[in-house]
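Chains, contacts and geometry: an overview
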Amino acid sequence: MLKTSPAVFAVGHDYQIMVEVERESLFSVRIGEKTYYDESNGIMNSLSPMHRVTVPMKELDAARRYTVCVRPIVLRKPYFPITEEVWEKDFDFHPIPETNVRAYHIADAHNKIEEPIRAANTFGAIDLLILNGDVITHSGDPSKFRNIYEICARLTEGTRPVIFSRGNHDMRGKFAEKFAEFTPNQSGRTYYTFRLGHIWGLLLDCGEDKADDSLEYGFTVACHAFRERQTDFLHALIENADREYDAHGVKTKLVIAHNPFTQKIWAPFDIEEPIYREWCALLREHVKPDLMICGHMHKEELRPIGHEADTYGQPCPVVIGARPGENYFLGCGFIFGDEKTTIVFTDSDGNTTATETIVH
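These notes cover the structure that comes with them. Quick caveat, the model's predicted, so the values are computed rather than measured.

We now examine a nonpolar patch on the surface. Taken together, the side chains of Val74, Leu75 and Ile82 make up a nonpolar region of the molecular surface, amounting to roughly 240 Å² of accessible area. Mapped onto the elements of the fold, Val74 is located in strand 8 (residues 65-75). Residue classification places Val74 among the partly exposed positions, given a relative accessible area of 48%.

Before going further, it helps to spend a moment on empty space enclosed by the protein. In this approach, a probe sized like a water molecule rolls over the atoms, and the result shows the empty space that is left. According to the stated counting rule, one finds 3 cavities of 30 Å³ or more in the structure shown. Put simply, the largest cavity is a space of about 40 Å³. Gly12, His13, Thr193, Phe194, Arg195, Trp200, Arg243, Glu244 and Ala247 together form the lining of the largest cavity. A per-element tally of the lining of the largest cavity places strand 14 (residues 192-196) first, with 3 residues. Each residue belonging to the lining of the largest cavity can be placed in one class, and the counts come to 3 nonpolar, 3 polar and 3 charged.

Let's shift gears to the pairing of strand 19 (residues 318-325). For strand 19, a buried count of 6 out of 8 residues is recorded, marking the element as mostly surrounded by other parts of the structure. Where strand 17 (residues 291-294) lies against strand 19, 3 bridges are found, and the strand directions are parallel. Of the residues in strand 19, the one forming a bridge with Ile293 is Val319. Taking the residues that link successive antiparallel strands as the turn, the strand 19-strand 20 (residues 328-336) hairpin has 2 residues, and the phi of Asn327 there is positive, at about 55 degrees.

So, on to the packing of helix 5 (residues 223-239) against helix 6 (residues 273-287). At their nearest, the axes of helix 5 and helix 6 sit 11 Å apart, and the two run at 15 degrees to each other. Here helix 5 lies roughly parallel to helix 6, going by the angle between them. When you trace helix 5 past helix 6, the crossing you get is left-handed. Contact residues: His224, Arg227, Glu228, Gln230, Thr231, Leu234, His235 and Ile238 in helix 5; Ile275, Tyr276, Glu278, Trp279, Leu282, Leu283 and His286 in helix 6. Of the residues in the contact of helix 5 with helix 6, the class split is 7 nonpolar, 5 polar and 3 charged.

Thresholds, definitions, all that
- Along every chain, residues carry numbers that run from 1 in the direction the sequence is written.
- Predicted model: local features are reported for residues with pLDDT of at least 70 only, side-chain atom pairs are reported and counted for 80 or more only, and whole-chain, interface and lining totals are derived from all residues.
- No hydrogens and no water enter the side-chain calculation; it runs on all heavy atoms of the structure.
- Patch definition: residues with relative accessible area over 30% and no salt bridge; like charges joined within 9 Å; nonpolar side chains (Val, Leu, Ile, Met, Phe, Trp, Tyr) joined within 5 Å.
- The accessible surface values rely on the Shrake-Rupley method and a 1.4 Å probe; as for residues, cover is taken only from the protein chains in view.
- Any Lys or Arg side-chain nitrogen found within 4 Å of a carboxyl oxygen on Asp or Glu counts as a salt bridge.
- Starting at the N terminus, helices and strands are each numbered in turn, a helix being any DSSP run of H or I of at least four residues and a strand any DSSP run of E of at least two.
- Relative accessibility under 20% of the residue-type maximum defines a buried residue, over 50% an exposed one, and the middle range a partly exposed one, all with a 1.4 Å probe and only protein chains included.
- Both site types are read off a 1 Å grid over the protein atoms alone. A 1.4 Å probe that fits but cannot get out defines a cavity, while an open set with protein on both sides within 12 Å along at least five of seven lines defines a pocket; lining residues have an atom within 4 Å of a point.
- Grid points are joined across faces, edges and corners, and a volume is the space filled by probe spheres set on the points.
- Any residue outside Ala, Val, Leu, Ile, Met, Phe, Trp, Tyr, Cys, Pro, Asp, Glu, Lys and Arg is labelled polar, Gly included; the first ten of those are nonpolar and the last four are charged.
- Pairing between two strands is assigned when DSSP locates at least 2 bridges connecting them.
- Convention adopted: a line fitted to C-alpha atoms gives each axis, helices being fitted over their contacting stretch, and angles between N-to-C directions are expressed from 0 to 180 degrees.
- With respect to orientation, any angle under 35 degrees is reported as roughly parallel, any angle over 145 as roughly antiparallel, any angle of 65 to 115 as roughly perpendicular, and every other angle as oblique.
- Crossing handedness is defined as follows: a turn of the near helix away from the far one that is anticlockwise and smaller than a right angle gives a left-handed crossing, while the clockwise case is right-handed.
- Residue contacts are defined here by distance: any two heavy atoms, one from each residue, within 4.5 Å place the two residues in contact.

Below, the structure written as structure tokens:
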């Protein structure tokens, strides 16, 4: 009934359990005695094969188990619709541990599946998966969205949380406008915060990497206004610090963004300097993150504050952690401790290419 194992995405203080089903169906998730539904204003959703159920983190973390319930539809008539018996499958769930959280970062897979999985397996067992944009090559073919869920399924089996961030290539193609329907989001937004144990994180979405009027986009993007809304979001976040990054128990603060916006590069990619400078200043002066995790540049690199690419005033060290190649992929593992983070670059050929440590 399920095309893959579910993906359990962390969004805010909730998990969004998402999976694609084989047939038109009604969908719900049971945790203990409580059932959570894929519904819209009281109407059970069935038109899309992709289903999403939002559950409170604290409920699933405590239960450590959930049941997926799928009821196939025979005929959804206006009166007396016909459905089949419900199909159920149980999944164990492992909240992240209190310390030494093992995470693996994949970005820029560009439709590769096997190579990123092999790179992650080189790092070893994980508690958390981070997918940081451009997992697919573009959004012109909606069947490729399944690649996202295939990687999640192979590396987490529906038993561990996933962080998901959008990349610039995800914005291309006629199904890009539907991207948020196929992926986690917060009220339709692709930028939000999350809290997993002692880790607090902020996802920022730079959108495209060239100006809105670039001929490459053919008038199909409006990213400047989108970035301005994120500036407002950052200001509101700072006003709510005591319930976000300054909340009790936060020991590690992350910023995750596909594009390393701390760096100004060559034309035509030299865009939005005032906005990106302001983002860096707000993060540096208020949030004070421990680490920023990016992809986009197709390289592996740890950029300390003051690095030659630190042109807008990095708020923290920046890791560029994904390098795709022909029949090859290099990603990045992390071990998030209470006072330090260990960074391990591994590839699909079974090599650990570098290990770095930063102290919080």
